Protein chains: 2
Amino acid sequence: MHYAGFFGNDDLDAVHNASLRILEATGLRVQSAGARELLAGVGCSVDASRERIRIPAKVVERAMATIPPSFVFRGRDPAKDISIPEDRPAFATASSAPFVNDPKTGERRYATSRDIANIAHLVDASPGYDLFSISVLAEDSPPGQLSLSRFYPALKNCSKPVRSNTPSIKDLEAVLELGRLIAGGAEAYAERPFINHHYCPVISPLTMDLSSTESVIYLLERGLPVYGSIVPNAGMTSPMSLAGTLALGNAEFLALCVLMQAVRPGSPVIYAVLSTVADMRTGAYAPGAIETAMLQMGHSQLARRYGLPSGGYIGLSGAHQNDAQSGYETGMSATAALLGGADLFNTGGLLGSLLAFDFGKAVIDGEIALMLKRLARGMDPRDAAGCLGLIDEVGPGGAYIEQEHTAANMRSEAFLPRIATRDSFDGWTGAGSRDAARRAADEALRILGTRNEAAIGAEVDARIRKAFPGLVPGEAGL
Amino acid sequence: MHYAGFFGNDDLDAVHNASLRILEATGLRVQSAGARELLAGVGCSVDASRERIRIPAKVVERAMATIPPSFVFRGRDPAKDISIPEDRPAFATASSAPFVNDPKTGERRYATSRDIANIAHLVDASPGYDLFSISVLAEDSPPGQLSLSRFYPALKNCSKPVRSNTPSIKDLEAVLELGRLIAGGAEAYAERPFINHHYCPVISPLTMDLSSTESVIYLLERGLPVYGSIVPNAGMTSPMSLAGTLALGNAEFLALCVLMQAVRPGSPVIYAVLSTVADMRTGAYAPGAIETAMLQMGHSQLARRYGLPSGGYIGLSGAHQNDAQSGYETGMSATAALLGGADLFNTGGLLGSLLAFDFGKAVIDGEIALMLKRLARGMDPRDAAGCLGLIDEVGPGGAYIEQEHTAANMRSEAFLPRIATRDSFDGWTGAGSRDAARRAADEALRILGTRNEAAIGAEVDARIRKAFPGLVPGEAGL
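A brief structural summary. Values in this document were obtained by computation on a predicted structure and should not be read as measured data.

What counts, and where the lines are drawn
- Residues numbered from 1 in each chain as written.
- Chains lettered and ligands numbered in written order.
- Predicted model: local features only at pLDDT ≥ 70, side-chain atom pairs only at ≥ 80, totals over all residues.
- Heavy atoms only, no water.
- Contact = heavy atoms within 4.5 Å.
- Buried area = accessible area lost by both parts, 1.4 Å probe.
- Salt bridge = Lys/Arg side-chain N within 4 Å of Asp/Glu carboxyl O.
- Polar contact = N/O pair within 3.5 Å; in protein donor to acceptor, adjacent residues only side chain to side chain.
- Buried < 20%, exposed > 50% of the residue type's maximum accessible area, 1.4 Å probe, protein only.
- Helix = DSSP H or I, 4+ residues; strand = E, 2+ residues; numbered from the N terminus.
- Phe/Tyr/Trp six-rings, centres within 6.5 Å; stacked < 30°, edge-to-face > 60°.
- Lys NZ or Arg CZ within 6 Å of the ring centre and 35° of its normal.
- Least-squares fit on C-alpha atoms with pLDDT ≥ 70 in both.
- Pairing = 2+ DSSP bridges.
- Axes fitted to C-alpha atoms, helices over the stretch in contact; angles between N-to-C directions.

1. Describing the interface of chain A and chain B
Consideration 1: In this complex, chain A contributes 115 residues to the contact, which on the side of chain B involves 114 residues.
Consideration 2: Interface area, chain A with chain B, both sides summed: about 9300 Å², of which 72% is carbon and sulfur.
Consideration 3: In this structure, the connection of chain A to chain B is made through four salt bridges.
Consideration 4: Here Asp279(B) and Arg422(A) are joined by a salt bridge, their closest N and O atoms 2.8 Å apart.
Consideration 5: On the surface where chain A and chain B come into contact, there are 34 residue pairs in polar contact (both at pLDDT 80 or more).

2. Quick look at helix H8 (residues 211-221) of chain B
All names here are of chain B.
Consideration 1: Most of H8 is tucked away, with eight of its 11 residues classed as buried.
Consideration 2: The set of residues buried in H8 consists of Ser212, Thr213, Ser215, Val216, Ile217, Tyr218, Leu219 and Leu220.
Consideration 3: Considering only its buried residues, H8 is in contact with helix H2 (33-41), helix H6 (169-183), strand S11 (195-199), strand S13 (207-208), strand S14 (226-230) and helix H9 (242-263).

3. Topic: the packing of aromatic side chains
Consideration 1: Following the criterion strictly, the structure yields 22 aromatic pairs over all chains and no others.
Consideration 2: Aromatic side chains Tyr271(A) and Tyr306(A) sit 6.3 Å apart centroid to centroid with 15° between the ring planes, which places their arrangement in the stacked category. Residue Tyr271(A) is found in the loop between helix H9 (242-263) and strand S16 (272-273), and its partner Tyr306(A) is found in helix H10 (residues 290-306); the two are separated by 35 residues along the sequence. Accessibility classification places Tyr271(A) together with Tyr306(A) in one group, the buried group.
Consideration 3: With 6.0 Å between their ring centres and 45° between their planes, Phe425(B) and Trp428(B) make a pair best called tilted. In this pair, Phe425(B) and Trp428(B) are both assigned in helix H16 (residues 425-430), three residues apart and thus about one turn of the helix distant.
Consideration 4: The exposure class assigned to Phe425(B) is partly exposed, which follows from its relative accessible area of 24%.
Consideration 5: The buried category is assigned to Trp428(B), whose relative accessible area is 9%.
Consideration 6: A connected cluster of aromatic rings, assembled from ring pairs, spans Phe71(A), Phe73(A) and Tyr227(A).
Consideration 7: The ring centre of Phe425(B) lies 3.7 Å from the NZ or CZ of Arg108(A), which sits over that ring.
Consideration 8: Over the face of the ring belonging to Phe99(B) we find Arg108(B), whose NZ or CZ atom lies 4.0 Å from the ring centre.

4. Some words on the pattern of salt bridges
Residues and elements named next belong to chain B.
Consideration 1: The tally for this structure, following the rule as stated, stands at 48 salt bridges over all chains.
Consideration 2: Close ionic contact of arginine 305 with aspartate 13 constitutes a salt bridge, the shortest N to O distance being 2.8 Å. Remark: aspartate 13 occurs in helix H1 (residues 9-26) and arginine 305 occurs in helix H10 (residues 290-306); sequence separation between them is 292 residues.
Consideration 3: Assessed through its relative accessible area of 30%, aspartate 13 is described here as partly exposed.
Consideration 4: Here lysine 156 ties to aspartate 461 by a salt bridge, and the two come within 3.1 Å at their closest N and O atoms.

5. Some thoughts on the relation of the copies chain A and chain B
Consideration 1: In screw terms, the move from chain A to chain B is a rotation of 180° and a rise of 0.0 Å along the axis, fitting with an RMSD of 0.0 Å. In symmetry terms, the pair is related by a two-fold rotation axis.
Consideration 2: Both copies present the same face, since 99% of the interface residues in chain A are matched by interface residues at the equivalent positions in chain B.

6. Looking at the sheet that holds strand S22 (residues 356-358) of chain B
All names here are of chain B.
Consideration 1: A sheet is described by the order of its strands in space; here four strands give the open sequence S8-S7-S22-S21, paired in mixed fashion. Two strands in the sheet have a free side with no partner beyond their single neighbour: strand S8 (108-110) and strand S21 (350-351).
Consideration 2: Relative to S8, strand S7 (residues 99-101) is paired through three bridges, and the arrangement is antiparallel. Following the sheet pairing, asparagine 101 is matched in S8 by arginine 108.
Consideration 3: Contacts from helix H12 (residues 359-377) reach S7, S21 and S22, with the element oriented near 65° to S22.

The structure is reproduced here in C-alpha cells:
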C-alpha cells in the first residue's frame with residue numbers, strides 16, 4: 001500500500017532538522033542522575049546543576065543507526081507473538097482507566113481486578129485484538145500489590161501479549177517474579193520474556209522523569225522488552241501548531257532513542273509519539289480530534305524516514321457513551337492512522353477521554369480492528385485481468401450471484417461483520433431494534449459467559465498464589 | 001497531500017487495460033437507439049438486433065482526451081459555486097430516500113416536500129455542506145409534479161448548488177422551466193444553469209438504460225450540466241473481487257465517457273463509480289462495508305490516472321439509528337475516501353442503507369465534513385522551524401497555554417466542534433447526559449427554528465407559483 005502523508009522528503013528533512021536543533025540548542029531536563037551519566041557517556045553535554053542535557057546531532061545519528069527495524073510483543077502463548085511492522089496493523093486495548101462501565105448494569109464505577117480478568121478474557125477471545133494493554137486500574141488491590149493486582153488477572157486470563165507499566169522498580173520486580181513463576185523459572189523467562197513493558201519516560205515539553213526513566217534503564221540493562229510513549233498536547237505542553245508539535249515530539253523521541261541505545265545498543269523501539277491537541281476553549285484534552293489523527297500520520301511518516309515501527313494510542317474518543325461520536329471519532333482517527341502508515345493501535349475499549357472502560361465499546365473496536373485489517377490487506381490488481389472471462393460469461397444484464405466464483409470468494413474478499421447490522425428496517429425492528437451499543441454489550445456478555453480457553457493451568461496458578469499471599473482472585477466471570 | 005492507494009502505475013495500467021478488453025470483447029447493451037447511433041458515429045461497432053455495442057480502445061482514448069479536468073456545481077447564489085477537484089473535498093447530502101425520521105418525534109414515516117424544504121434550510125445553514133443533493137422523495141407530490149415537488153422546495157430554501165435527477169424528459173423540462181423562472185428568463189438561465197443534473201445511465205453489469213441515458217443526451221445537447229453515477233455491487237452485479245469490480249466499473253465509466261463526449265466533446269464529467277459489496281450471507285446491500293471504501297480508493301486512483309475529479313456516494317451506513325455503527329461506518333469510509341483522493345462526498349444524512357433521512361445524522365455528518373476539510377488542509381512543514389524560538393523560550397517543563405502564539409493559532413490550527421463533547425463526565429452529566437444523536441437532533445431543531453436567510457424572494461416565488469398551479473407550498477418550518 002502507498003501511505004497517505006502530508007510531507008515530501010524535503011519536508012521530512014525540515015522537521016528532522018528542527019528536532020535536531022531543539023536537542024542541540026534547547027536540550028532536555030533529565031531528572032535521573034543515572035540517565036544523565038549514560039547520556040554524558042555517549043557524548044551529550046550535561047549541565048548537572050540544572051539537570052539540563054544537550055544532544056549533538058552526531059550523537060542522535062549514531063544512536064538511530066543501532067536500532068533494529070522491528071519490535072516484538074511476546075505472549076504467554078508463543079503462537080500469539082506479534083512483530084511490527086511485519087504483522088501490521090496490530091490492535092490493542094487502550095489502558096489504565098480508573099473507571100469501568102459495569103458489564104451487567106452499564107453503571108460507571110471504579111474498576112477492579114475482576115474487571116481486568118474479564119477484559120483479558122474478552123481480548124483473548126476477540127480476533128480483532130493482537131495485544132492486551134491492561135485497560136483499567138484495580139481499586140481492590142491489596143496494600144503493596146498495586147501492579148500484581150493488574151498483571152496477575154491479565155496474564156492469568158489472556159495468552160496474547162500483555163502490555164502495561166508499573167509505578168516503581170519494586171512493583172516492576174514483583175511483576176517480573178510473576179513472569180518467572182508462569183514461565184517455570186528464571187531461565188525460561190529470560191529466554192521468552194513475555195511481559196511487555198511500557199513507560200512514559202519523557203514528559204512534554206522536554207523533560208525526562210525519574211521513575212519511568214529508571215524503570216526503562218532497569219529493563220534494558222537486563223535485556224527485557226520495553227518501549228516508551230511520548231504525548232505532547234498542542235497548546236498545553238507543545239506549540240499550538242501541528243508541525244511545531246511534530247518537531248518537538250520528534251525531538252523528544254530522538255532523545256529517548258539516544259538514552260535507550262546508550263543503555264544497550266541494538267534495543268528495539270517503537271516510534272510512539274502520540275501527539276494530541278487541546279481544545280483551548282476549555283483546555284480539555286481532545287483525543288478524538290481530527291488533528292490527533294493528523295499528528296499520528298505525521299509521526300508515522302517520520303517513523304518511516306527512520307525505518308522504525310510506529311503507533312500507539314490512536315482512535316480514542318471524548319464521548320462518554322458508546323454513541324455516534326464514539327463511533328466516528330474512533331473510526332476516523334484509526335482509519336487515518338492506518339492509511340498514514342501507523343503499525344500499532346492502542347484503540348480499544350475506552351470512553352470519556354481514556355477515563356472509563358466499556359465492554360461494548362471494546363467489542364465494537366474489535367470489529368473496527370477487523371475492518372482495518374481488511375483495509376490493510378488491500379486487493380490484488382491481477383484480479384482485474386483474472387475476472388475477464390467471468391465478466392464476458394455473465395455479460396450485460398447478467399447475475400453474479402449464480403456464479404461459482406462468487407461463492408468461492410464471498411468470505412475471503414469481503415469482511416462479514418458480527419456487530420454492524422445489514423438487516424432491513426423490518427428485520428432489525430423484528431429483532432428488537434437494538435442499537436449498536438446494545439448489540440455490542442450483548443456480545444460482550446455472551447463472550448464473558450463462555451469458558452476461557454486461555455486461562456492459565458491450575459498448577460501454575462497454585463504456584464503463583466503461594467508466592468504472593470493475599471493476591472486478588474484473578475478469576476474472570478460475571 | 002500524498003494520497004493512499006493500493007496500486008502502482010503498472011497496476012493502474014493493468015486495470016485500465018482490463019477495462020478496455022471488456023469494452024472491446026464483451027461490450028455493453030445499449031437500450032437507447034439514439035445512444036447507439038451516437039456511439040456508432042464515433043467508431044463503435046453496433047449489433048442493433050441485440051442492442052450490443054463494442055468500443056475499440058482507440059475510441060475510448062480519443063474520448064478521454066477531450067474531457068476537461070474540472071466539474072463545476074453552480075448554486076442559485078454564484079458565491080456558492082464549487083469546482084472539483086479545486087475545492088475538494090466537496091460535501092453533499094446523500095439522496096432520494098423514501099423515508100424520513102420526523103425531526104420532532106423521531107418516528108420513521110414517508111418523506112414529504114416540507115421535509116425537503118427543511119433539509120434545504122439545514123444544508124444551507126451548515127458550513128460542512130457545499131451541495132444539496134435532494135435527500136428524500138416527496139410523498140405529497142401532486143399528480144404530474146413529482147420532480148417539481150422536490151426541486152421547488154429545494155431551490156426555494158437553499159442557495160448552495162442543488163443536485164438531483166428526474167424520472168423522465170417531461171419532468172426534466174418542468175424542472176428546467178423552474179430554473180428559468182428563478183433566473184429571470186431563458187437567457188439568464190443559459191448563462192448560469194444552476195440546477196445540477198445527475199443520472200445513473202449505466203446499470204451494472206454493462207447496460208445503458210433508456211430513460212436516464214436519453215436525459216443525459218438531452219442535457220448535453222443543450223450544454224447543461226450533467227453527470228452520471230455507476231454502482232456495481234460485488235457479488236450481485238459485478239465479480240466478488242474488488243479488483244474485478246474495479247475493472248468492470250471502470251469499463252462502464254469509460255463507456256459513459258465515450259457516449260458523453262460523442263454528444264458534446266469537452267463536456268465535463270465526474271468519475272463517480274460507486275462500487276459496493278453485497279453481504280452474501282443474505283444478499284444485503286452493504287454501503288458501510290470497508291470494501292466500499294477500498295473500492296472508492298481504487299476508483300479515485302484510476303480517476304487521477306485520467307486526470308478527472310472523483311467521488312459520490314461514500315460514507316453511508318446500514319445502521320437504522322444514529323448510533324455507534326452509523327458513526328464508525330460513515331467516519332471510516334469517508335476518511336479512507338478522502339485520503340484515497342476522492343473529491344466529492346454524497347455522505348450526509350441517510351440511515352438504513354439509504355432508505356431514511358435523519359436530521360441529527362445530517363448534523364453529525366456536517367461536523368464530520370468539517371473534520372475532513374481540516375484533514376485535507378493538512379499542515380505547514382515550515383512551522384517546524386518556525387516554532388524553534390518558541391520552543392526554546394518555553395523550555396523544558398514550561399507551559400504553552402500562556403504563550404501569545406497559542407491564543408493566536410487556537411482557532412485556525414484546530415477545528416472546534418459543536419456536536420462532539422469534550423466535557424468531563426461530571427460536566428456532561430450535569431448538562432443532561434445527552435448522547436451525540438440527541439445533541440445533533442437538538443442542533444437540527446435549533447437550526448430549523450431560525451429564519452432561513454437563503455429563502456427565495458417573494459416576487460420570484462409568486463412567479464413560480466403562478467406558472468405551476470397546485471404546486472406544493474415549499475415552505476420550511478416545523
